[in-house]
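# A look at the structure
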Amino acid sequence: LTLSSYFENRFQDKTHLLRIISAILILIFYLFYTASGLVAGGKLFEASFGLNYNIAVLIGALVIICYTFLGGFLAVSYTDFVQGSLMFLALLFVPMTIISNMGGIGSLWNALGTINVDLLDATKTVVYDFAQNIFWVSENGDFSLLVVISLMAWGFGYFGQPHILARFMGIRSAKDIPKAQLIAIVWVVLTLWGALFVGFCGIPFFSQPLEDPEQVFIMLVKVLYNPWIAGLLLAAVLAAIMSTIDSQLLVASSALTEDFYKAFFRKNASQKELIWVGRLAVIVIAVLALILAKAGGSVLNLVAYAWAGFGATFGPAILCSLFWKRTTGTGVLWGMIVGGTTVIIWKNFIGLGIYEIIPGFILSILTIYLVSILGKEPDEEIKAQFNRAIKPLENE
């Protein structure tokens, strides 16, 4: 189940351009997304075992490649549940332990205020730069609405993430969606709050600031717990990395296998042949991502770039194709190209302090609208198919 095949079926695209362009864009941005996971794996092994970063990231990559190589979509779904549960418990357990030891939430706020009172004010910016020897220093400047808008714009990204949408596409029954919604929202809210409080707790906990702030969870666990418990909690970090990368690698390998190999080279390929082609694709994509990951950098920055790319490329296309009957295949094609290209250009050449998903998403949805309105209406067969799909939802 791939987004590329969905778009081709939705608009009955005989030219296969929707399939090709969407698959190419998926592969481009997944290289950065997968690289972010490999960087995180490298940091985990580097901090846990004192390894050289290059060796650490290579070990992490080998673990993840072997793991993903062995299983398919169903295996990943089952293991993601276990790994997600481990992440969930770890992100709640660690900050709760620290806050309890400090004497409660009030003590945590007092400790943060002692370091810099602006840490308690969401409208203030506090700077941290180990290389410049700057720690928790308030930055002059007014409250920036652009920063708030950019942060909120992360929400647009969810509409276009292939590895997330693949879960919806593979759900057992539409009747399970309300239950899935509840589980997903509870999981996301609690884990994000847990991660936020891990950061809060790490500020007063370490008298010597960390060289890499992204290692705060790893360092807290190593200091707080005995090796047996620490090992279990650090495994949660690896679980977070693996549960994300395996989904990404499977979607990317599906794009290569289903949207290129089967669609254009071996239409009658057997399932066994496709499985081995998919496994080879996993290795190729992971190796390319490993080359990017060896340069190091911030996990968050890599994720933000890939997240914006997918969100702006596929988010408007998905929303319009599902909820607007007048959407055309040509509109979606150009919308994807404009959205993905805008993210790349804005990130590398423009910036202006605005998260690249904002201009990418806006220009993509405008392109889809204008091209669809100005072009020929969809065929009656496509409209009828849309009506058949939307009717059950309207009845509910």
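As a reminder, the structure under discussion sits directly above these lines.
Predicted model, so just to flag it, every value in this text is computed and none were measured.

## A look at the overall build of the protein
Looking only at helices and strands, the protein has 15 helices and two strands in total. Relative to its length of 396 residues, the protein is compact, with a C-alpha radius of gyration of 23 Å against a globular reference of 21 Å. Each principal axis of the C-alpha distribution contributes one length, and for the protein these read about 65 × 50 × 45 Å. Considering the protein as a whole, with its 396 residues, one finds that 43% of them fall into the buried category. When the 23 basic and 24 acidic side-chain charges of the protein are each reduced to a single mean position, those positions are 11 Å apart.

## Brief notes about the packing of helix 13 (residues 329-350) against helix 14 (residues 357-374)
The interhelical angle for the contact between helix 13 and helix 14, taken along N-to-C directions, is 155 degrees, at an axis separation of 8 Å. Taken together, the axes of helix 13 and helix 14 are roughly antiparallel relative to one another. In the crossing of helix 13 with helix 14, the sense of the turn from one axis to the other is right-handed. Mapping the contact onto sequence places Thr 330, Gly 331, Val 332, Trp 334, Gly 335, Met 336, Val 338, Gly 339, Thr 342, Val 343 and Trp 346 in helix 13 and Pro 359, Gly 360, Leu 363, Ser 364, Thr 367, Ile 368, Val 371 and Ser 372 in helix 14. Classifying every residue of the contact of helix 13 with helix 14 gives 10 nonpolar, nine polar and no charged.

## Some remarks on the nonpolar core
Judged by nonpolar contacts, the single largest core of 89 residues is most densely connected at Phe 7 and Leu 38. The element that contributes the greatest number of residues to this core is helix 2 (residues 17-49), accounting for 15 residues.

## Section: helix 11 (residues 271-293)
Relative to the 33 Å expected for 23 residues at 1.5 Å per residue, helix 11 spans 32 Å between its end C-alpha atoms, a close match to the ideal helical length. All of the buried residues in helix 11 are Leu 274, Gly 278, Ala 281, Val 282, Ile 285, Ala 286, Ala 289, Leu 290 and Ala 293.

## Considering the pairing of strand 1 (residues 126-129)
Here four bridges tie strand 1 to strand 2 (residues 134-138), and the two strands are oriented antiparallel to one another. Residue pairing in the sheet places Tyr 128 in a bridge with Phe 135 of strand 2. Here strand 1 folds back onto strand 2 in antiparallel fashion, the turn holding four residues, of which Asn 133 has a positive phi close to 60 degrees.

## Comments concerning the packing of aromatic side chains
Per the stated rule, a full pass over the model turns up 24 aromatic pairs. Relative to Phe 200, the ring of Trp 109 has its centre 5.6 Å away and its plane inclined at 85 degrees; by these criteria the two rings are edge-to-face. One end of the pair, Trp 109, is in helix 5 (residues 105-115); the other, Phe 200, is in helix 8 (residues 177-205), and 91 residues separate them in sequence. Among the residues examined, Phe 200 registers a relative accessible area of 21% and is labelled partly exposed.

## With respect to a nonpolar patch on the surface
Among the surface-exposed residues, Ile 362, Leu 363, Ile 365, Leu 366, Tyr 369, Leu 370, Ile 373 and Leu 374 lie close enough to one another that they form a single nonpolar patch of about 740 Å² accessible area. According to the relative accessible area criterion, Leu 363 is partly exposed, its value standing at 38%.

## Details of the pattern of salt bridges
Pairs can form between side chains of opposite charge whenever their charged atoms are close. If you walk through the whole model with that rule in mind, you get six salt bridges. One continuous salt-bridge network, built from bridges that share partners, spans Lys 43, Asp 212 and Glu 214.

## Regarding the side chain of Arg 326
Relative to the helices and strands, Arg 326 resides in the loop between helix 12 (299-323) and helix 13. No salt bridge is formed by the buried Arg 326, whose closest oppositely charged neighbour, Glu 377, lies at an N-O distance of 4.2 Å. Among the polar contacts listed, one links the side chain of Arg 326 to the backbone oxygen of Ile 373, at a separation of 3.4 Å. Once you skip the residues sitting within four places of it in the chain, Arg 326 turns out to touch Ser 372, Ile 373, Gly 375, Lys 376, Glu 377 and Pro 378.

## Points about the environment of Phe 386
Mapped onto the elements of the fold, Phe 386 is located in helix 15 (residues 380-395). Once the C-alpha coordinates of Phe 386 and Arg 172 are considered, the two residues, 214 residues apart in sequence, prove to be 21 Å apart. In contact with Phe 386, other than residues within four places in its own chain, are Arg 10, Ser 321, Leu 322, Phe 323, Trp 324 and Lys 325.

## Brief notes about the environment of Leu 366
Tracing the backbone through its elements, the reader meets Leu 366 in helix 14. The exposure class assigned to Leu 366 is partly exposed, which follows from its relative accessible area of 43%. Taking the C-alpha atoms as reference, Leu 366 lies 40 Å from Phe 200; in sequence the two are 166 residues apart.

## A word on unusual backbone geometry
For residues that are not glycine, phi is negative in most cases, and the peptide bond is trans in most cases. A positive phi angle is found at His 16, which is not glycine, with a value near 70 degrees. By secondary structure assignment, the location of His 16 is in the loop between helix 1 (3-10) and helix 2. Taking the relative accessible area as the measure of exposure, His 16 reaches 26% and is therefore partly exposed. Non-glycine residue Asn 133 carries a positive phi angle of around 60 degrees. By the secondary structure assignment, Asn 133 is in the loop between strand 1 and strand 2.

Each value, and the rule that gives it
Counting restarts for each chain, with residues numbered from 1 along the sequence as it is written. Per-residue local features are limited, in this predicted model, to residues with pLDDT of at least 70; the limit for side-chain atom pairs, both in listing and counting, is 80 or more; totals at the level of whole chains, interfaces and linings are taken over all residues. Each side-chain value is worked out from all heavy atoms of the structure, with water and hydrogens disregarded. Put simply, DSSP H or I for four residues or longer makes a helix, DSSP E for two residues or longer makes a strand, and each gets a number counted from the N terminus. With C-alpha atoms as the basis for the radius of gyration, the globule rule is written as 2.2 Å multiplied by the number of residues raised to the power 0.38. The classification of residues rests on relative accessible area computed with a 1.4 Å probe and restricted to protein chains. Under 20% of the type maximum is buried, over 50% is exposed, and intermediate values are partly exposed. His is not counted here, nor are the chain ends, while Lys and Arg score as positive and Asp and Glu score as negative. Just so you know, the charge point we use is NZ for Lys, CZ for Arg, CG for Asp and CD for Glu. Angles shown run from 0 to 180 degrees and are taken between the N-to-C directions of axes, each axis being a line fitted to C-alpha atoms and, for helices, limited to the stretch in contact. For classification, angles of less than 35 degrees are called roughly parallel, those exceeding 145 degrees roughly antiparallel, those between 65 and 115 degrees roughly perpendicular, and all remaining angles oblique. Crossing handedness follows the turn of the near helix against the far one: under a right angle anticlockwise gives a left-handed crossing, and clockwise gives a right-handed one. We call two residues in contact whenever any of their non-hydrogen atoms come within 4.5 Å of each other. Side-chain classes are defined by residue name, with Ala, Val, Leu, Ile, Met, Phe, Trp, Tyr, Cys and Pro counting as nonpolar, Asp, Glu, Lys and Arg as charged, and the others, Gly among them, as polar. Among buried residues, the Ala, Val, Leu, Ile, Met, Phe, Trp, Tyr and Cys ones that are joined through side-chain atoms within 4.5 Å form a nonpolar core. Between the first and last residue of a helix there are one fewer steps than residues, each counted as 1.5 Å, and that sum is the expected span. Strand pairing is assigned whenever DSSP identifies at least 2 bridges connecting the two strands. Ring pairs shown here join Phe, Tyr and Trp side chains whose ring centres sit within 6.5 Å, with only the six-membered ring taken for Trp; geometry is labelled stacked below 30 degrees between planes, edge-to-face above 60, and tilted in between. Residues enter patches when their relative accessible area tops 30% and they take part in no salt bridge; the joining distance is 9 Å for like charges and 5 Å for the nonpolar side chains Val, Leu, Ile, Met, Phe, Trp and Tyr. Reported accessibility uses the Shrake-Rupley method at a 1.4 Å probe radius. Residues are deemed covered only where the shown protein chains occlude them. When a carboxyl oxygen of Asp or Glu is within 4 Å of a side-chain nitrogen of Lys or Arg, the pair counts as a salt bridge. Between N or O atoms, a polar contact is any pair within 3.5 Å; within protein, one atom must be a potential hydrogen donor and the other a potential acceptor, and residues adjacent in sequence are included only when both atoms are from side chains.

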